[in-house]
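For reference, the chains in residue letters:
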Amino acid sequence: MLLLLLLLLLHLQLGLCVPLPAPSNVSISSYNMMHSLRVWPGPRTPPEARFVVQTLSSRGSRWRSVAECSNLKSGQTCNLTNDFTDVFDHYRARVRAVASNQTSKWTISRQFQPLSDTVLGPPDVSVSGCGNCLILQVRNPTEDLLEHSSQLKDVLWDLVLSVRRTRDGAEFRLTLPYKPESTVSYLQPGVEYCVTASFSSSFSQKSVSSERRCSFTSPPPDEHSYLVLLGLFVLFSITAFLLLVGWSFRSQVQTCSFYQLNLRSQTSCLMKTPLTQETLT
């Protein structure tokens with residue numbers, strides 16, 4: 001009995017000496033300039049453990065605690081958008097676990113740069129025809145951030161377009177400076193084209209394309225119009241044929257009349273000649 005108690009005490013003492021595992025991984029992701037951190041607990045981390053987050057700027061020398069992320073549970077994410085305010089700066093984050101009276105070692109994330117590491121898109125696109133061109137109405141998903149960030153306003157954004165002709169699948173790519181309204185010119189009138197759009201800049205090529213939007217450059221003739229045109233063509237052809245037949249028949253009648261008149265005239269002349277008169281006498 002005494003031996004069992006000693007073994008139990010030894011086991012408890014050894015258990016208290018086991019350090020709290022550090023997080024196995026810390027990852028920062030960004031979508032349309034909204035930055036979030038995710039933590040993966042280390043093996044054998046107790047379920048009641050909480051996580052503490054700190055950040056460091058490359059222009060600073062001290063780690064700063066993130067007040068909103070000082071008591072994270074396993075599976076929760078930490079929003080760092082308001083902590084990474086300089087879009088051109090480089091940041092790191094570190095996380096440690098806390099449970100009872102124990103704290104783990106820090107696990108540090110890789111370096112993160114807000115502008116180059118964010119994923120842009122997809123843009124909101126609408127397409128309409130303008131004869132031999134398409135007009136694109138485009139909205140940047142970071143439009144609200146552009147209004148409040150002078151740094152983002154200074155970034156030159158490009159609109160990358162993929163234009164595909166529906167009839168035969170012919171496709172080309174086009175890069176335009178971003179504007180709320182853009183025009184794709186020199187297309188075939190009355191033909192349907194489909195467009196996908198994405199954003200890029202000199203700092204970031206990571207983007208998600210928009211859904212494919214399709215439109216005719218100009219309204220194509222409908223089936224009723226084709227039938228009307230076909231009917232007019234047939235009517236015109238029949239009319240032309242009848243006119244041609246009538247003209248030919250009239251020409252033949254006039255020719256016959258001319259020959260008959262000519263024959264009568266010759267007969268009349270023969271009757272009036274002296275030779276004819278003497279014969280009659």
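Cut-offs used in this document
- Residues numbered from 1 in each chain as written.
- Predicted model: local features only at pLDDT ≥ 70, side-chain atom pairs only at ≥ 80, totals over all residues.
- Heavy atoms only, no water.
- Helix = DSSP H or I, 4+ residues; strand = E, 2+ residues; numbered from the N terminus.
- Contact = heavy atoms within 4.5 Å.
- Salt bridge = Lys/Arg side-chain N within 4 Å of Asp/Glu carboxyl O.
- Buried < 20%, exposed > 50% of the residue type's maximum accessible area, 1.4 Å probe, protein only.
- pLDDT = per-residue confidence, 0-100.
- Pairing = 2+ DSSP bridges.
- Axes fitted to C-alpha atoms, helices over the stretch in contact; angles between N-to-C directions.

Before going further, it helps to examine the overall build of the protein. Assigned secondary structure in the protein consists of 6 helices and 15 strands. Pairs at least 24 apart in sequence give 60% of the contacts found in the protein among residues at least 6 apart.

Moving on, we get to the pattern of salt bridges. Opposite charge on two side chains makes pairing possible when the charged atoms of those side chains draw close. If you walk through the whole model with that rule in mind, you get 6 salt bridges. We note a salt bridge from Asp86 to Arg59, for which the minimum N-O separation is 2.6 Å. Of this pair, Asp86 sits in the loop between strand 5 (77-79) and strand 6 (91-99) while Arg59 sits in the loop between strand 3 (50-57) and strand 4 (64-65), and the two are 27 residues apart along the sequence. Given a relative accessible area of 61%, Arg59 falls into the exposed group. Here Arg213 makes a salt bridge to Glu211, at a shortest N to O gap of 3.7 Å. By relative accessible area, which is 56% here, Glu211 ends up exposed. Linked through salt bridges whose partners overlap, the residues forming this network are Arg59, Asp86 and Asp89.

This paragraph deals with the confidence of the model for the protein. Taken over all residues, the pLDDT of the protein has a mean of 83, while the share at 70 or more is 78%. Confidence drops under a pLDDT of 50 for residues 10-15, and excluding neighbours within four residues, the segment shows 0 contacts in the predicted structure. This model gives residues 275-281 a pLDDT under 50, and the stretch forms 4 contacts once residues within four places in sequence are excluded.

What follows concerns the sheet that holds strand 12 (residues 171-177). Read across the sheet, 4 strands follow the order 12-11-14-15 without closing on themselves; strand pairing throughout is antiparallel. The open sheet has two free edges, formed respectively by strand 12 and strand 15 (213-216), since each of these has just one partner strand. Averaged over all adjacent pairs, the angle separating strand axes in this sheet is 30°, with direction ignored. In the sheet, strand 14 (residues 192-201) pairs with strand 15 via 4 bridges, with the strands oriented antiparallel.

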